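Okay, here's what each chain looks like letter by letter:
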Amino acid sequence: MKAVQYAEQISGPSPEVTNILLETLNHDPSVNVRLAAANALHQFAVHQEVRTKLAQSLQQQSDPMLQIVLIKMLVQFHERSMVPTLQDFSHDEKTHEMVKKEAEEALTVLL
């Protein structure tokens, strides 16, 4: 949480801070902490490398709320690298219905 608070106070992404936030996003047991890390990373998503790592993180996430947040964030920045993941979500019967819907809407924007 300290990295999240620190990230909110700085203007540019330092590799150390983004790596800590990405590590938190991908591995923290608390969904709330992972959401806070995603929101903190949002300010750095103007940088392609951060968007790429967020798109990679989307593949790892299992919480529907977090998946939707990441999809919306990446669509906002027109991140096309997540298209294969979105296609997988939209065709996988195990995907939560709200995530499927969000993925399908994102695909219409990105394709």
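Quick caveat: nothing in here was measured; it's all calculated off a predicted structure. (Residues numbered from 1 in each chain as written. Predicted model: local features only at pLDDT ≥ 70, side-chain atom pairs only at ≥ 80, totals over all residues. Heavy atoms only, no water.)

(A) Structural context of the environment of Ser62. Tracing the backbone through its elements, the reader meets Ser62 in the loop between helix H4 (48-60) and helix H5 (64-76). Classification of Ser62 by relative accessible area gives exposed; the value is 64%. Once the C-alpha coordinates of Ser62 and Thr95 are considered, the two residues, 33 residues apart in sequence, prove to be 8.9 Å apart. (Helix = DSSP H or I, 4+ residues; strand = E, 2+ residues; numbered from the N terminus. Buried < 20%, exposed > 50% of the residue type's maximum accessible area, 1.4 Å probe, protein only.)

(B) Molecular detail of the environment of Ser57. Tracing the backbone through its elements, the reader meets Ser57 in helix H4. Sequence separation between Ser57 and Leu25 is 32 residues; the distance between their C-alpha atoms is 7.6 Å. With near-sequence residues (within four places) excluded, Ser57 lies in contact with Leu25, Asn26 and Leu70. (Contact = heavy atoms within 4.5 Å.)

(C) Looking closely at the nonpolar core. Ranked by size, the top nonpolar core spans 31 residues in total, and within it Leu25, Leu41, Leu54, Leu70, Ile71, Met82 and Leu86 carry the most contacts. When contributions to this core are tallied by element, the ones reaching two or more residues are helix H2 (15-27), helix H3 (31-42), H4, H5, helix H6 (83-91) and helix H7 (97-110). Sort the elements by how many residues they give to this core and H5 lands first, with 7 residues. (Core = buried A, V, L, I, M, F, W, Y, C linked by side-chain atoms within 4.5 Å.)

(D) Fine view of the packing of H2 against H3. Packing of H2 against H3 brings their axes to within 8 Å, and their N-to-C directions diverge by 145°. For H2 against H3, the interelement crossing comes out left-handed. Across from Thr18, Leu21, Leu22, Thr24 and Leu25 in H2, the residues of H3 making contact are Val33, Arg34, Ala37, Ala38, Ala40 and Leu41. The residue makeup of the contact of H2 with H3, split by class, is 8 nonpolar, 2 polar and 1 charged. (Axes fitted to C-alpha atoms, helices over the stretch in contact; angles between N-to-C directions. Left-handed = near helix turned anticlockwise from the far one by under 90°. Nonpolar A, V, L, I, M, F, W, Y, C, P; charged D, E, K, R; others polar.)

(E) Up close: the side chain of Arg34. With respect to the helices and strands, Arg34 occurs in helix H3. One buried charge, Arg34, has no salt-bridge partner; the nearest side chain with opposite charge is Asp63, at 5.2 Å. Ignoring any residue separated from it by four or fewer positions in sequence, one finds Arg34 in contact with Thr24, Leu25, Asp28, Pro29, Gln61, Asp63 and Leu66. (Lys, Arg positive; Asp, Glu negative; His and termini not counted. Salt bridge = Lys/Arg side-chain N within 4 Å of Asp/Glu carboxyl O.)

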